[in-house]
Structure formats: C-alpha cells, structure tokens
Amino acid sequence: MKITGIRAKLTFYFLSILFISVVMNAVFVIQHTIIVRRYEQIGTNIFKQNELISATENAISSYNSYRNAPTDLNLDLYTASRQRIYDIFSYLDKSIVKQESRITFAAVQKTIVNVLETLDRGVRDIQDGTFENLSARVAEANKGFTFVKENISDLLIDEIGYGAELQTATSRINTIYLLFGGSIVLIVLAVLIIVSFSWSRQIILPLMRLDSTAKKISGGDIEVSVDQDLLDNKDEVGSLSRSFDVMIHSLRESMNSLKGMNTAIAKARDSAEDLVKVRTRELFEEHSRLLASINSLSFGFIIVDLDQKVILKNVAIMNLFGFKSDKEVTIQKISGLLGGFDIEGEAKKCLKGKGVCELKEILFDKKVLRGIVAPITSKSGSEEKIGYVLILEDITEAKVMERSRDEFFAVASHELRTPLTAIRGNTSMIMDSFGEKITDPDVKEMLSDINESAIRLIDIVNDFLEVSRLEQGRFDIKKEELDMPELVARVVRDLQTIVKQKNVKLELIEPSEKIPKALGDKGRVEQVLVNLVGNALKFTKDGLITVSLEISDQFVMVVVRDTGIGISEQNQARLFRKFQQAGESMLARDVARGTGLGLYISRLIVSSMGGTIGLLSSELGKGSTFAFTVPIIELSA
Amino acid sequence: MKKLLFLAEDDPLMNRMYGRAFKLAGYDLTEAPDGEAAIKRLKEMNPKPDIALLDIMMPNKSGFDVLRAMKEDKDLKDIPIILLSNLSGQEDAKKGIELGADLFMIKSEFSPKQIIEKVEEFTSKK
C-alpha cells in the first residue's frame, strides 16, 4: 500500500510510534512480572526446604517417642510427619527449576526416603515385638539426617544465589529498556525532523509558489498558470493547486467576458449620455415653457408642499406683495402681510376635503384678493395629497366695477322712482281729491295718461332692477312647501278684477288628479303665474283664458292657455329673450303695455327653482299655450 | 280729535306731496328734513305722534337710525312706524321689520291714497 496524503502520512507515523511504545511497555511489564514470580518462588522454596528439615527431625523424634513408649498416638505423630515430608517433596519437585539444585534435591530426597525406610523397619520391629535393632536404626536415621541437613544448606545457598542472579538480570533488563527507550525517543525526534523538513518541502514551498502566482494574478497578470509538478502532486497540495488552477481559468474567462461587457457598457453609456442630453434639453425646454406659462399668469400662483414650503411661485405673486427675493416668499410671510389670514389653516382644511376650495375675499393694502386652494394629488385619480396650489387674484378692479354697477342701479332706482312717485302721487291726488273741479274731459284724460305713464315707467324701472338682480344671482329663493291648486286658485281669483275690465273670461280648470305638494318660493311662483296670465290678457281682445294643473314626471306643471292673437314661428324663437315681445312686429309694441322683460324674468325665476318654462303650442289667430313647472317635494327629503 | 302724524323725509318733492295728502286727509303733521332732526323733534314733541312715517335714505342719520332711537326711547317705542323707501331691497325690508318697524312700503308702488289707508289701519287700532 502506498500512502500519499499528508494527513494519512501523519496518521501513519503517529500510529507507528504509539505501537512501538505500547509493545515496549508490554515487554517491560511482562519481564518484571516473571522476575517477581521467580523471587516469590525462591522465597517459598527456602521456606519449604527449612520445613523439610524440621519435618524430618519431627519424624525421627516421633519415632524415638514411639520406640520408647509405643502408643498409637506416637505412631500417628510419626505417620503425620512422614506424610508432611512427602507433601513437601511433591511441591519442591515442581518448584525447583535450576538443574544443579534439582540434583542436590534428588540426593536429599533419596537420603530422607532411606531414613524413613529405616524408621519404617523400626516401627515394623516394634509391632512384631523385635526390639534388638531399634537403637541401630535410630543411629542410621540420625546419620541420614545429618547428611540431609548439610545438603539442604547447599540447596538454600543455591536458591539465594539464584535470587542474586535474578537481581542482576533485572538490572540488566532495566538498562536495556532505558537504552532502548532512549534510542526510540531519538529515532522519533529524528523522524519528526525529517518529516517536518519533508513537509516544508511538500507543503510550504508549493504554497509559496501558489502565493506568488496569486500575487501575479492580483497584479493583473491573468495569463499565469500553476506549474505542472504541483498539479501532478497527489496529496492535498496537489488538490489545492488543481483547484487554484481551475480558479485561474474561470477567473480568466470572467475577466475576458468582463472586458467584453465593459466595452458594451461603454458603448451603451455613450448612447445613453446622448439620450440624456437630448432628454435634458427637452425637459429644460418643457420646464422653461411651464415656468413661462406660470409667470405669464396675471394672478399670483404658488405651489406649496405639505410642510408649507413654497416649491414654485410666479412673478405675479412677487409683484403683488412686493417681494424682492425668492427667499422672502413663505406662506407665513404672506399670511402676515394679509393681516394674519391663516392660509395654512385654510389649506389644511381644504386638503382634508375633495376638490378646490375658494377662500373668502381677503383685504390687502386697499386691494381685494380672491384666494383659491387647489390640492395636488400624487397622481391623477389618487387620493394622496402631496401639496396644494394657492392662487391669489387681485379682484379689486372687478369689485369696484361690481360695486359701481350696484351703486348705479341703486341710485338709478332711487333717483328715477322719486320723481315718478311724485308724478304718480300728485296726478292720482288731483284725480281723487279735485276730480269734480275738472270739468273738461280732455284735461281729465290727459291727467289719467300722465298717471298711467308714471306707473308704466315705474314698472319698467322695477323690471330693470329685477333683471339686474336675477342675472347677478343676488336674490333669495325660498324653499317653501307649495299647495299648487290653492295658490293657482287664489291668483286666478285676484286677477278676476282686472279681467272684468275686458271682454275676456278667465277660468280655472280643476285638476283631474291629486296634485302633490311642490317646492318653491310662493311669491315667485305667483309672480310667474301673474306674468303668464297678464301676457295672455294683453294679447287676447276677447275670448277665454284657462289655467290648469298637471303632473309631469317629478314636476307640477301650470298651463295657461289663451285664445289670443298667437305667435308666429319666427317670433316663437325670440320668446324668453331680453326685451322681446311677441307682437306682430317691433312697432306693434305699443299695442300693449310692457317692457318685454316679463318672460325673461319668469324664465330666470323658474330655472332658479329647478323648473322649466316654455311655449307649448301657438297658432296665429287661434291662441297660445304657455306652461311652467315646479318640482314636486321629495317626501324622503 | 285730529290724529297727529310724524313724517321724516328729506326730498322736498315727496315731503310736499305726502304733507298735502295727509292734510287733505285731515291729519295734523309734524315734519323733519333729516334723521338727526327727526330724532330731536320726536323727543321734544308733546304730545307724541300717533304714527311715524320714516324715509330710509336721509342725510345725517338714516331712517333705521331714527327707528333704533325710537325703540330705545320709552316714550316713543310704542308708536307705530311705517318705513318708506324707493330702494326696493328685500334686505332693507327685512332689516326694518327686525328693528321693529310695523310696515315697509316702496313709495313708487303706492299712491298717497293707498298709504293713507295703511296709516288709518294703524291709527284706528289705538
């Protein structure tokens, strides 16, 4: 097996050292265990050999006791000693290892066996009753015993010598172990030095080479490559080198594609810059146009964001307040100039709602300003407000014009009416109080004409004023619940007195259905009805005028029909216009009294109540039908 | 006994016409040419008039001022008042009635005879 990886090599070296150490220790421990055993054995042997002497001595002495007084007890003691000797024999036979000792032991054993055989014969003599040889046997036994004692001493000396030998062997083993261990350590150290040196060659040098390659790459040289011998390396360094090589290759590819991309980006940037230039110019032009438009506005125009910061303002606002620099234009400052008018508060109020808010007229330095707040949403249709446009318009001139017109009408009304009132009042008084004194019918008629002219002039002035008020919307239209049948009946009844003076009949046609309550101004509805019936009377010399009521959708319709002169188609179109009268011609106007404003006034009144007025039909010589509508009250409202 | 009528009117034309009309109708008449004089004369008058006719548009003080002054004076506050004007403003009529006038009449719309009829309505109530 060939070991290639650095880690595997390291592991192998380490395991080898560990294995050698373990084996050495094991050998050492085993040797020591054996020696200790031997020592123990020597001790036991010495003890047993001493015991053998005493046991032999016991056997001889117990035999002597038996010889002197043969009893079973003494015989037993002898037998036990004898048995003991054989036990020790069998033990020592196994435990004595040394060859010389074994020979000595065999001699001792043979002598003791002879002693015991002698004693056994002496025992048998006593048992047989033969006592003559007893002393000789004891002497023979003692002779053997002396020999035994001497030889056992040799044995003991042998054992002790053996122990000394063992001691020497132990110290020799220790020395060998020490030497061997020391050399192992030295060997390991040497191996380690060699290994690290080889590693430095195997790892550090290749790493340094890779490092220098990496430095070259970071220096911009991407054409370098890893040396072939590093790539061929089979260990981790080889693997690293190969990865590094792959990295260099992919880096090179990336760099190349990046170069391509850079070129493309540069191209795109160039064209984008051109586009931006064009767009910027267009935007600038657009912006200039917008600014010019805003600056050409005659009224003050400010765009304010939600923090009340002025984003944009026009020249008119600078002129209006006499601002010199842009910095001066703040909402707070304008509010201050307007006598503390709370623009911010009004704007905030307006931003909460929907649509544009008109501020009340603001007085500023003898000028009257009209303010408009228009919320700006983030995009059209969005609810999110991002600011507002404040428009401040100087309407002083318009106000002056309006006031002078109002004043003109007031003065005209007063100044015209006063002399007319005097004419009317005085003529009527002459006729009332001094009528009998005037006998000449011509004078009477002249007075009557003067009176009538005055009244007519007063009516004309009234109509003018009425039209002026109606056109300006300066009049109140009450919203009253109207019982139309009752109202119409009363007006018809009131008009009967006038009708009686002419050869005309005025009739009210009872409605065929129940007429619901209508909504409108009672006085104004009466005025319109009187006007329509009055017109019918004017243009009907003799005949019939009818008034009727109908329901038309959500309206109550009042219809006035006459059998008068009728209106030509050409004149029908001019009805309801200012100063129009539907006579045969303009010259025919003096046929009947009137300013030609009646229908025009009626139209203004009816439309202000939400209704309509018009000519339903007309035929020359046969009569006309006029009608107007008043809305029905919505019961839910 | 003749009824006493007070007329405040600055325009001589109107003044003469109404003066003649009321005298012909059998009234005693006290006149004033403007608002200030009217207030002064009304306070001095003894007995107080049975009815007062006040023009609205007068120099110094208007008919409304005279009306206010009368309503603040305990001796004058119960006298019936007719406001006369040739300004046909609905606002003026409304304001006059609110201040305590009994009637608002546009001069041009009524002949002297019609005005006297109204005056008689008020004075005969007493």
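Residues numbered from 1 in each chain as written. Chains lettered and ligands numbered in written order. Predicted model: local features only at pLDDT ≥ 70, side-chain atom pairs only at ≥ 80, totals over all residues. Heavy atoms only, no water.

Draft legend 1. Region of the structure containing the overall build of chain A. Helix and strand content of chain A: 15 helices and 13 strands. A buried classification covers 36% of the 637 residues belonging to chain A. For chain A, the proportion of contacts with a sequence separation of at least 24, taken over those separated by at least 6, is 65%. Element-wise, carbon and sulfur atoms account for 59% of the exposed surface of chain A, whose accessible area totals about 38,100 Å². (Helix = DSSP H or I, 4+ residues; strand = E, 2+ residues; numbered from the N terminus. Buried < 20%, exposed > 50% of the residue type's maximum accessible area, 1.4 Å probe, protein only. Contact = heavy atoms within 4.5 Å. Areas by Shrake-Rupley, 256 points an atom, 1.4 Å probe, with all protein chains shown as cover.)

Draft legend 2. Region of interest: the packing of helix α10 (residues 396-433) of chain A against helix α5 (residues 112-123) of chain B. Following both chains from N to C, one finds α10 of chain A and α5 of chain B inclined at 80 degrees, their axes separated by 8 Å at the closest point. The angle between α10 of chain A and α5 of chain B places the two elements in the roughly perpendicular class. Where α10 of chain A approaches α5 of chain B, its residues R424, G425, S428, M429 and D432 of chain A are matched on the opposing element by P112, K113 and Q114 of chain B. Class assignment for the residues of the contact of α10 of chain A with α5 of chain B results in 2 nonpolar, 3 polar and 3 charged. (Axes fitted to C-alpha atoms, helices over the stretch in contact; angles between N-to-C directions. Parallel < 35°, antiparallel > 145°, perpendicular 65-115°, else oblique. Nonpolar A, V, L, I, M, F, W, Y, C, P; charged D, E, K, R; others polar.)

Draft legend 3. View of the sheet that holds strand β10 (residues 542-552) of chain A. Residue and element names in this part refer to chain A. Strand order in this open sheet of 5 strands is β8-β10-β11-β13-β12, and the pairing throughout is mixed. Each edge of the open sheet carries a strand with a single partner, namely β8 (503-508) and β12 (613-619). In this sheet, neighbouring strand axes are inclined to one another by 15 degrees on average, regardless of whether the strands run parallel or antiparallel. Here 6 bridges tie β8 to β10, and the two strands are oriented parallel to one another. Residue pairing in the sheet places E507 in a bridge with T546 of β10. Packed onto the sheet, helix α12 (residues 484-500) meets β8, β10, β11 (555-562) and β13 (623-631) and runs at close to 165 degrees relative to β8. (Pairing = 2+ DSSP bridges.)

Draft legend 4. Focus on helix α15 (residues 598-608) of chain A. Residue and element names in this part refer to chain A. Extensive coverage of α15 is indicated by the burial of 8 of its 11 residues. Where α15 is concerned, the buried positions are G598, L599, Y600, I601, S602, L604, I605 and V606. Structurally, α15 contributes buried residues whose contacts are with α11 (441-472), α13 (522-538), β12 and β13. Taken from the residues just after α15, G610 is the one with a positive phi, measuring 90 degrees.

Draft legend 5. Spatial organisation of the interface of chain B and chain A. Each side of the interface is counted separately: chain B has 22 residues, and chain A has 22 residues. Taken together, the connections running from chain B to chain A amount to 0 salt bridges. Looking at the side of chain B that touches chain A, the elements that each hand over two or more residues are α1 (12-24) and α5 of chain B. Here the side of chain B that touches chain A takes 7 residues from α1 of chain B, the largest share from any one element. Across the side of chain B that touches chain A, the residue classes tally to 11 nonpolar, 6 polar and 5 charged. (Salt bridge = Lys/Arg side-chain N within 4 Å of Asp/Glu carboxyl O.)

Draft legend 6. Fine view of the environment of L297 of chain A. Residue and element names in this part refer to chain A. Along the polypeptide, L297 turns up in the loop between α6 (236-295) and β1 (300-305). What makes L297 partly exposed here is its relative accessible area of 27%. In sequence terms L297 and V315 are 18 residues apart; their C-alpha atoms lie 8.3 Å from each other. Residues in contact with L297, not counting those within four places in the same chain, are N314 and A316.

Draft legend 7. Representation of a nonpolar patch on the surface within the structure. A surface patch of nonpolar side chains, amounting to about 420 Å² of accessible area, comprises L251, M255, L258, M261 and I265 of chain A. In this structure, L251 of chain A sits in helix α6. (Patch = residues over 30% accessible without salt bridge, like charges linked within 9 Å, V, L, I, M, F, W, Y side chains within 5 Å.)

Draft legend 8. Layout of the nonpolar core. All names here are of chain A. Ranked by size, the top nonpolar core spans 44 residues in total, and within it M484, L529, V547 and F628 carry the most contacts. Sorting the residues of this core by element identifies α11, α12, β8, α13, β10, β11, α15 and β13 as the ones contributing at least two each. In contact with V547, other than residues within four places in its own chain, are V488, V492, L506, E507, L508, I509, L529, V533, V558, V559 and V560. Counting residues in each nonpolar core, the second largest holds 30 residues, with L75, Y78, F89 and A141 among its members. (Core = buried A, V, L, I, M, F, W, Y, C linked by side-chain atoms within 4.5 Å.)

Draft legend 9. A look at the pairing of strand β2 (residues 310-313) of chain A. Residues and elements named next belong to chain A. By the bridge criterion, 3 bridges tie β1 to β2 in an arrangement that is antiparallel. For I303, the partnering residue across the bridge sits in β2 and is L312. What sits between the antiparallel neighbours β1 and β2 is a turn of 4 residues, in which Q308 has the positive phi angle 65 degrees.

Draft legend 10. Geometry of the pattern of salt bridges. Residues and elements named next belong to chain A. Per the counting criterion, the structure on display carries 29 salt bridges over all chains. E344 is the partner of K348 in a salt bridge, and the nearest nitrogen-oxygen pair spans 3.0 Å. Taken as a pair, K348 and E344 lie in helix α9 (residues 343-352) at a separation of 4 residues, close to a single helical turn. A relative accessible area of 26% means that E344 is categorised as partly exposed. Members of the salt-bridge network, linked through shared partners, are R209, D227 and D229.

Draft legend 11. Main features of the environment of H249 of chain A. Residue and element names in this part refer to chain A. Note that H249 resides in helix α6. Using a relative accessible area of 38% as the deciding quantity, one classes H249 as partly exposed. Taking the C-alpha atoms as reference, H249 lies 9.1 Å from E223; in sequence the two are 26 residues apart.

Draft legend 12. Representation of the state of the cysteines in the model. Residue and element names in this part refer to chain A. According to the stated counting rule, one finds 1 disulfide over all chains in the structure shown. Two residues share a disulfide in this structure: C350 and C357, whose sulfurs sit 2.0 Å from each other. Across the disulfide from C350 to C357, rotation about the S-S bond amounts to roughly 90 degrees, and the bridge is consequently right-handed. We classify C350 as buried; its relative accessible area is 2%. (Disulfide = S-S within 2.5 Å.)

Draft legend 13. Structural detail: helix α3 (residues 63-72) of chain B. All names here are of chain B. Within α3 the residues assigned to the buried category are G63, F64, V66, L67, A69 and M70. Contacts from the buried residues of α3 go to α2 (35-44), β3 (51-55), β4 (81-85) and α4 (90-99). The N-cap residue of α3 is S62: its side-chain oxygen and the backbone nitrogen of F64 are 3.2 Å apart. (Polar contact = N/O pair within 3.5 Å; in protein donor to acceptor, adjacent residues only side chain to side chain.)

Draft legend 14. Here's a closer look at the sheet that holds strand β1 (residues 4-8) of chain B. Residues and elements named next belong to chain B. Strands sit in the order β2-β1-β3-β4-β5 across an open sheet of 5 strands; the sheet is parallel. Of all the strands in the sheet, just β2 (28-32) and β5 (103-106) have a single pairing partner and so form its edges. Averaged over all adjacent pairs, the angle separating strand axes in this sheet is 20 degrees, with direction ignored. Sheet analysis places β1 next to β3, joined by 4 bridges and oriented parallel. Across the sheet, residue L5 finds its bridge partner in β3, namely I51. The strands that α5 touches are β1, β3, β4 and β5; relative to β3, the one it contacts most, it runs at about 140 degrees.

Draft legend 15. Quick look at the packing of α10 of chain A against α1 of chain B. For the pair α10 of chain A and α1 of chain B, interaxial distance at closest approach is 9 Å and the crossing angle is 25 degrees. Classified by the angle their axes make, α10 of chain A and α1 of chain B are roughly parallel. Two packed elements cross with a definite hand, and for α10 of chain A against α1 of chain B that hand is left-handed. Contacts from T418, P419, T421, A422, G425, N426, M429 and S433 of chain A of α10 of chain A reach α1 of chain B at L13, M14, M17, Y18, R20, A21 and L24 of chain B. Of the residues belonging to the contact of α10 of chain A with α1 of chain B, the class tally is 9 nonpolar, 5 polar and 1 charged. (Left-handed = near helix turned anticlockwise from the far one by under 90°.)

Shape is all these values report; function is a separate question.
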